[in-house]
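Observations on chain architecture
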Amino acid sequence: MALKHKLILASGSPRRVELLHQSGIEPARLMPMDIDETPKKSEHPRSLARRLSGEKGEAAFAAVRSDAAWQGSYILSADTVVAVGRRILPKAEFVDEASSALHLLSGRGHVVYTGICLITPDRKLRQKVVETKVRFKRLSGRDIEMYLASGQWRGKAGAYGIQGLAGSFVQKLVGSYTNVVGLPLYETMLLLAGEGFDVHAGWQEG
């Protein structure tokens, strides 16, 4: 009988949990890691996504490494960065931040980078950064006003979630849709399967 491995998700994002569920994977544990996400001076958005996903994974590994109950687990972490050129948009916590981001994104293209990091039971670290190009329609004052009122921008990179109301703002998307939601499924499943995790274990009816 194949050994069933546990997966620790080093994130508290409901969207990432939902995407894993969509793929038939139930994380055994959620471990949101509180790290400093401030970009370094002149840091490229792609580099930031890679660095933060790695730091979250390593922090989760350090937290469970001496706990026998979690020996042999896989640790998956991710970080999503939204950028216009090299300008990194913050995860909006305040209305003025969200308003500025939406005005900047209005009628123009931006890139969404998600860094994924996998730490295997034998302590190998694997990383990948996936990018998706997105273009918003030109947003009216009413679009922005009502989206801000919805509250769906809170805590989101770039002040929007594509799986919600802001999906109607997207004029064009090139690349992975799930990457923009927060976890590129194709690349994540490829990474897990390539390191011996049974991605099909939850696919049986029952």
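Residues take numbers from 1 onward in each chain, read along the sequence in its written order. Under the rules for a predicted model, residues below a pLDDT of 70 receive no local features and side-chain atom pairs below 80 are neither given nor counted, while totals for whole chains, interfaces and linings still include all residues. For the side-chain quantities, the full set of heavy atoms in the structure was used; hydrogens and water were omitted.

**Overview of a positive patch on the surface**
The grouping of Arg87, Arg108, Arg135 and Lys172 at the surface amounts to a positive patch. Only DSSP runs of H or I covering at least 4 residues are called helices, and only runs of E covering at least 2 are called strands; the numbering of each starts at the N terminus. Checked against the element boundaries, arginine 135 lands in strand E6 (residues 125–136). A 1.4 Å probe rolled over the protein chains alone gives each residue an accessible area, and that area as a share of the maximum for its type sets the label: buried under 20%, exposed over 50%, partly exposed in between. With relative accessibility at 35%, the residue arginine 135 sits in the partly exposed group. Residues enter patches when their relative accessible area tops 30% and they take part in no salt bridge; the joining distance is 9 Å for like charges and 5 Å for the nonpolar side chains Val, Leu, Ile, Met, Phe, Trp and Tyr. Under the convention used here, a 1.4 Å probe and the Shrake-Rupley method define accessible areas, while residue burial counts only the protein chains that appear. Salt bridge, as applied in this entry: a Lys or Arg side-chain nitrogen positioned within 4 Å of an Asp or Glu carboxyl oxygen. Residues counted as positive are Lys and Arg, residues counted as negative are Asp and Glu, and His and the chain ends are not counted. We put the charge of a Lys on NZ, of an Arg on CZ, of an Asp on CG and of a Glu on CD.

**A short note on the UniProt feature "active site" (unreviewed entry) in the chain**
UniProt positions are given in the numbering used here, feature names are shortened, and annotations may be inferred rather than shown by experiment. As recorded in UniProt, the feature "active site" (unreviewed entry) lies at Asp79. Structurally, aspartate 79 is set in strand E3 (residues 74–84). Given the relative accessible area of 1%, aspartate 79 is considered buried. Once residues lying within four places of it in the same chain are set aside, the contact partners of aspartate 79 are Arg16, Glu37, Ala49, Leu52, Ser53, Lys56, Lys91, Tyr113, Thr114 and Gly115. Within 3.5 Å is the distance limit for a polar contact, defined as a pair of N or O atoms, with the added protein rule that one can donate a hydrogen and the other accept it, and that residues adjacent in sequence qualify only through two side-chain atoms. At 3.3 Å, the side chain of aspartate 79 forms a polar contact with the side chain of lysine 91. When checking whether two residues touch, look at their non-hydrogen atoms; a contact exists if any pair is within 4.5 Å.

**Let's talk about unusual backbone geometry**
We note that arginine 123 has phi near 70°; this positive angle belongs to a residue other than glycine. Of note, arginine 123 is situated in the loop between strand E5 (109–119) and E6. Looking at arginine 123, the relative accessible area reads 51%, which means it is exposed. Even without being glycine, alanine 159 reaches a positive phi, approximately 65°. Along the polypeptide, alanine 159 turns up in the loop between helix H4 (141–150) and strand E7 (170–174).

**Points about the layout of surface pockets**
By rolling a water-sized probe across the atoms, one finds the places where empty space is left. Within this scheme a cavity is a closed region of a 1 Å grid, computed over the protein atoms alone, that accommodates a 1.4 Å probe without allowing it to escape, whereas a pocket is open but has protein on both sides within 12 Å along at least five of seven lines; lining residues each have an atom within 4 Å of a point. Grid points are joined across faces, edges and corners, and a volume is the space filled by probe spheres set on the points. In this structure, the largest pocket encloses a volume near 400 Å³. Ser13, Arg15, Arg16, Lys91 and Gly155 are, among the 25 residues lining the largest pocket, the residues nearest its centre. Of all the secondary structure elements, the ones that give two or more residues to the lining of the largest pocket are helix H1 (14–22), E3 and helix H5 (177–181). For the lining of the largest pocket, the element with the highest residue contribution is E3, accounting for 3 residues. Each residue gets one of three labels, nonpolar for Ala, Val, Leu, Ile, Met, Phe, Trp, Tyr, Cys and Pro, charged for Asp, Glu, Lys and Arg, and polar for the others, Gly among them. Residues belonging to the lining of the largest pocket are distributed by class as follows: 11 nonpolar, 8 polar and 6 charged.

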